[in-house]
Amino acid sequence: MTTLFTSHQLGDLTLPNRVVMAPMTRVRAAAGGLATPSMAIYYAQRATAGLIVTEGVQPSLIGQSNPGTPGLHTVEQVDAWRAVTDAVHVNGGRIFAQLMHGGRVSHPDTTGVRPVGPSAVAAVGDVFTPSGPRPAPAPRALDTAEVPEHAESYARAARRAIDAGFDGVELHGANGYLISQFLSSNANLRTDRYGGSVANRIRFAVEATAATAEAVGAHRTGIRLSPGGTFWGVEETDVPELYTALLTELSRLHLAYVHLEATVSEDVLLDLRRAWPGTLVMNPVVPMGPKQTGRADADHWLRLGADLISFGRAFIANPDLVERLRTGLPIAPVDESTYYQGGDAGYFTYPAYQHTA
């Protein structure tokens, strides 16, 4: 019987358990998008996870969403990440880099350039900038001839990730960022081959994923999706049709995994699981919602056919989360004020469970 602590073969990797550390923005990178020694400690502390997926990493300068986030588009960034991947591997872990192009969810004060998107439609809400929250600006709509360059940026960053010692990459196709914007029916108002019909709206996601799989191997490539999610004001029409079509195309690539967020009804998610023949990572709780994933959520989705379960916030305050889940120890609460404040407090300062006499 499959449990959260049964091993799983993921490409060339044997995962010792089915617990995945979900990607979470922590804005602790140094100037220039460089990974830091503190980041090495943070990820290494959590290396008992079957798989770690990092915070979103920008594949290009124009793809940067938030200040304080790391990149994989310069030689210096690659060099800085090696200390992180080495630390995770020394502690016996496996780590994928999440490649995140923010698209319209960005600001010139952060990158020095105007954001781009499928159409000149601003995201809903304030974006983070070095001087504080600012209204999301209208992006510049990409010309048809420019779109493949942005799809290819994921592949270039993936090559750098492998050079930096990562075991693979996850494309961030969720939560209102660039791939999600192309899937959207209100952020994407295009009338060319990248907009309108379902077949056209999934094209960018498929091209970016195919380019990445070709660059580093399908067995090292995953993608995260949030079907029906409304992050940053995106909307999607025909969600079951859209994501069934997308997963059907992605299935031809033989990817390492698809990572689904529970942003649509369970019935639809089960239909999507049937449309995806490969490894499924399930994130049972909506990101930024009021609830964090627990053992009961994980067991429920394993019974429904998920292969791996990703835990987000629970990993922040519980570096030893796998052991706590295995033995039924209490899950420590997280101090939300330290999510994005920078510094080491609330980052790698949470202790493992302390047994009292």
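Note that the structure is a prediction, hence the values are computed from the model and not measured.

## Digging into the overall build of the protein
Working step 1: Along the protein, the regular secondary structure elements total twelve helices and 14 strands.
Working step 2: In terms of overall dimensions, the protein is globule-like: its C-alpha atoms have a radius of gyration of 19 Å, near the 21 Å expected for 357 residues.
Working step 3: Residues classed as buried in the protein amount to 59% of the 357 residues present.
Working step 4: Contacts spanning at least 24 positions in sequence make up 69% of the contacts within the protein whose residues lie at least 6 apart.
Working step 5: Accessible surface computed for the protein: about 13,200 Å², of which carbon and sulfur atoms make up 55%.
Working step 6: Of the side chains in the protein, 28 bear a positive and 34 a negative charge, and the two mean positions are spaced by 1 Å.

## Examining the packing of aromatic side chains
Working step 1: This model, assessed by the stated rule, comprises ten aromatic pairs.
Working step 2: Taking the centre distance of 5.2 Å and the plane angle of 65° together, the rings of Trp81 and Phe166 count as edge-to-face. Pair noted here: Trp81 is in helix α2 (residues 75-90) and Phe166 is in the loop between α4 (147-163) and β10 (168-172), with a separation of 85 residues, a long-range link. The residues Trp81 and Phe166 share a single accessibility class, namely buried.

## Structural notes on unusual backbone geometry
Working step 1: Of note, the phi angle at Val27 is positive, near 40°, even though the residue is not glycine.
Working step 2: Position of Val27 among the secondary structure elements: in the loop between β3 (19-21) and α1 (37-45).
Working step 3: One non-glycine residue with positive phi stands out, namely His254, at about 60°.
Working step 4: Assignment of secondary structure puts His254 in the loop between α8 (239-251) and β12 (257-261).

## Comments concerning helix α10 (residues 295-303)
Working step 1: Restricting attention to buried positions, one finds in α10 the residues Asp297, Ala298, Trp301 and Leu302. Summarising the axial view, the buried residues of α10 lie within an arc of 130°, below the 170-degree limit, and thus occupy one face. For α10, the exposed residues lying more than 90 degrees away from the buried face are Ala296 and Arg303.
Working step 2: On the buried face of α10, the contacting elements are α9 (266-275), β13 (280-283) and β14 (308-311).
Working step 3: Following α10 by one or two positions, Gly305 adopts a phi angle in the positive range, close to 115°.

Cut-offs applied
Residues numbered from 1 in each chain as written. Predicted model: local features only at pLDDT ≥ 70, side-chain atom pairs only at ≥ 80, totals over all residues. Heavy atoms only, no water. Helix = DSSP H or I, 4+ residues; strand = E, 2+ residues; numbered from the N terminus. Rg over C-alpha atoms; globule rule 2.2 N^0.38 Å. Buried < 20%, exposed > 50% of the residue type's maximum accessible area, 1.4 Å probe, protein only. Contact = heavy atoms within 4.5 Å. Areas by Shrake-Rupley, 256 points an atom, 1.4 Å probe, with all protein chains shown as cover. Lys, Arg positive; Asp, Glu negative; His and termini not counted. Charge placed at Lys NZ, Arg CZ, Asp CG, Glu CD. Phe/Tyr/Trp six-rings, centres within 6.5 Å; stacked < 30°, edge-to-face > 60°. Arc of directions from axis to C-beta.

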